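Descriptive structure summary
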Amino acid sequence: MKPRILLTAPIPEPGMKLLYDAGEVTLLPEVPDTAELKALCASGDFDVLLSRLGDTVDADLLAAAKVRGVSNYAVGFNNIDVEAATKHGILVGNTPGVLTDATADVAMLLILGTARRVVEADTLVRSGQFAGWNPELLMGADVSGQVLGLAGFGRIGRATARRALAFGMDVVFSPRPPQERFVSADELGEFAGKVRQLPWDEVVAQADFLSIHVPLNDQTRHLVDAAVLNAMKPSAFLVNTSRGPVVDEAALVTALREGVIAGAGLDVYENEPELASGLTELPNTVLLPHIGSATVPVRGKMAVLAARNAIAIGKGEMPEFAVNPEAFRGAE
């Protein structure tokens, strides 16, 4: 029997071809709400759900589900209650590794874009208000020689550090804020002697640019709150390419409006696709529509991994990338 695969929305090629070649695919005409998705997963008509970040796969859905697993088209999986999935023997797969460089590129883009006021500059030209070179026109901040503070030092944090070092930045990091963990020289590898580990509060205080690279969990939700923003330099910039709820967006709007920090570059938002009131009105922001992994090769690789995970789970096999391998029960 071919695995029966439920998709809430299409994924890029060659992912769709892999799915159609290997299984019986049901592609929904419209993205379902949580109640509709629960009913579909509980119907017994599907072996695996291929979900996206916008799909809420909560404990209630998982308790009713009759699927073997969920293949998430993302490296993150905060949209899935993994603990509940494990409790019910439901595997969860994700797509790690392939989007590291693309997301780090966007982090660096936001660092440069906020520092050099790129949105304001582009708007000035497009509006026809550019009247020629002026020695005081849209003066921004330096990047070279400035301190980049990293919240998190995993794959993407390290890739961002690599880029920042090439720009002559001084890189400091806290590996797992708000908790502290010492990273040895052996673990640092190529970064030994090039970056410095500091306690989270010192990273916040020293950073000219604070870039967020932590997963979303109970410990990191609102990691950057009003207290952290007030502890930053007034000349500092916040950059977030991780998950929106890591930053208290309402507090950020207040901090930007009142000059507590100089600016912010965001690719993710607390309640996507909605933005906190007032955020779009602030000139000292660069706001991107969650495009950290949005290159043709990367999205294609993500689709391949998600498809392979879905096919394996549907066949009762261990997927290539399992978030909770302890839930594996094998073919039944």
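What counts, and at which threshold
Residues numbered from 1 in each chain as written. Predicted model: local features only at pLDDT ≥ 70, side-chain atom pairs only at ≥ 80, totals over all residues. Heavy atoms only, no water. Helix = DSSP H or I, 4+ residues; strand = E, 2+ residues; numbered from the N terminus. Rg over C-alpha atoms; globule rule 2.2 N^0.38 Å. Contact = heavy atoms within 4.5 Å. Areas by Shrake-Rupley, 256 points an atom, 1.4 Å probe, with all protein chains shown as cover. Lys, Arg positive; Asp, Glu negative; His and termini not counted. Charge placed at Lys NZ, Arg CZ, Asp CG, Glu CD. Pairing = 2+ DSSP bridges. Axes fitted to C-alpha atoms, helices over the stretch in contact; angles between N-to-C directions. Salt bridge = Lys/Arg side-chain N within 4 Å of Asp/Glu carboxyl O. Buried < 20%, exposed > 50% of the residue type's maximum accessible area, 1.4 Å probe, protein only. 1 Å grid on protein atoms, 1.4 Å probe; cavity = no way out; pocket = protein on both sides within 12 Å on 5 of 7 lines; lining within 4 Å. Points joined across faces, edges and corners; volume = space filled by probe spheres on them. Nonpolar A, V, L, I, M, F, W, Y, C, P; charged D, E, K, R; others polar. Core = buried A, V, L, I, M, F, W, Y, C linked by side-chain atoms within 4.5 Å. Parallel < 35°, antiparallel > 145°, perpendicular 65-115°, else oblique. Left-handed = near helix turned anticlockwise from the far one by under 90°.

**Considerations on the overall build of the protein chain**
- When you go through the protein chain residue by residue, the secondary structure sums to twelve helices and twelve strands.
- For 332 residues, the compact-globule formula gives about 20 Å, and the C-alpha radius of gyration of the protein chain, at 22 Å, lands near that figure.
- Here the C-alpha coordinates of the protein chain stretch approximately 70 × 50 × 35 Å along the principal axes.
- In the protein chain, once contacts between residues fewer than 6 apart in sequence are set aside, the share between residues at least 24 apart is 61%.
- Approximately 15,400 Å² of the protein chain is accessible, and the part contributed by carbon and sulfur atoms is 53%.
- When the 28 positive and 41 negative side-chain charges of the protein chain are each reduced to one mean point, those points stand 6 Å apart.

**Let's talk about the sheet that holds strand β4 (residues 69-72)**
- An order of β2-β1-β3-β4-β5 is seen for the five strands of this open sheet, with the pairing classed as parallel. One side of each edge strand has no neighbouring strand; the edge strands of this open sheet are β2 (24-27) and β5 (91-93). Strand after strand, the sheet turns through a mean of 20 degrees between neighbouring axes, direction not considered.
- Direction of pairing for strand β3 (residues 48-51) relative to β4: parallel, over a ladder of four bridges. From the neighbouring strand, Leu 49 faces β4, where its bridge partner is Val 70.

**Concerning the pattern of salt bridges**
- Within the structure shown, the criterion is met by twelve salt bridges.
- Two residues, Arg 163 and Asp 105, come together in a salt bridge whose shortest N-O distance is 2.6 Å. Taken as a pair, Arg 163 in helix α7 (residues 155-166) and Asp 105 in helix α5 (residues 100-115) lie far apart in primary sequence, 58 residues in all.
- Given a relative accessible area of 42%, Asp 105 falls into the partly exposed group.

**Side note on empty space enclosed by the protein**
- For the structure on display, the rule yields two cavities of 30 Å³ or more.
- The volume enclosed by the second largest cavity comes to roughly 30 Å³.
- In terms of lining residues, the second largest cavity is bounded by Asn 240, Gly 244, Val 247, Glu 249, Leu 266, Val 268, Tyr 269 and Glu 270.
- A class-by-class count of the residues in the lining of the second largest cavity yields four nonpolar, two polar and two charged.

**Comments concerning the nonpolar core**
- Leu 210, Leu 229, Leu 238 and Leu 252 are the most contacted members of the largest nonpolar core, which has 33 residues in total.
- For this core, the secondary-structure elements that each account for two or more residues are β6 (147-151), α9 (200-206), β9 (209-212), α10 (226-231), α11 (249-257) and β11 (263-266).
- The greatest single-element share of this core, amounting to five residues, is contributed by α11.
- With near-sequence residues (within four places) excluded, Leu 229 lies in contact with Val 224, Leu 238, Ala 251, Leu 252, Ala 255, Val 260 and Ile 261.
- By size, the runner-up hydrophobic cluster in this structure holds 23 residues, among which are Leu 150, Ala 161, Val 195 and Phe 237.

**Thoughts on the side chain of His 213**
- When you line up the elements, His 213 lands in the loop between β9 and α10.
- Discounting chain neighbours no more than four positions away, the residues touching His 213 are Ala 107, Leu 150, Ala 151, Gly 152, Ile 156, Gly 157, Thr 160, Thr 241 and Ser 242.

**Focus on the packing of helix α1 (residues 15-22) against helix α12 (residues 296-314)**
- Packing of α1 against α12 leaves a shortest axis separation of 8 Å and a crossing angle of 20 degrees. Judged by the angle between their axes, α1 and α12 are roughly parallel. Handedness of the crossing formed by α1 with α12: right-handed. From α1, Gly 15, Leu 18, Leu 19 and Ala 22 reach across to α12, where they touch Ala 303, Val 304, Ala 307, Ala 310 and Ile 311.
- Tallied by class, the residues present in the contact of α1 with α12 amount to eight nonpolar, one polar and no charged.

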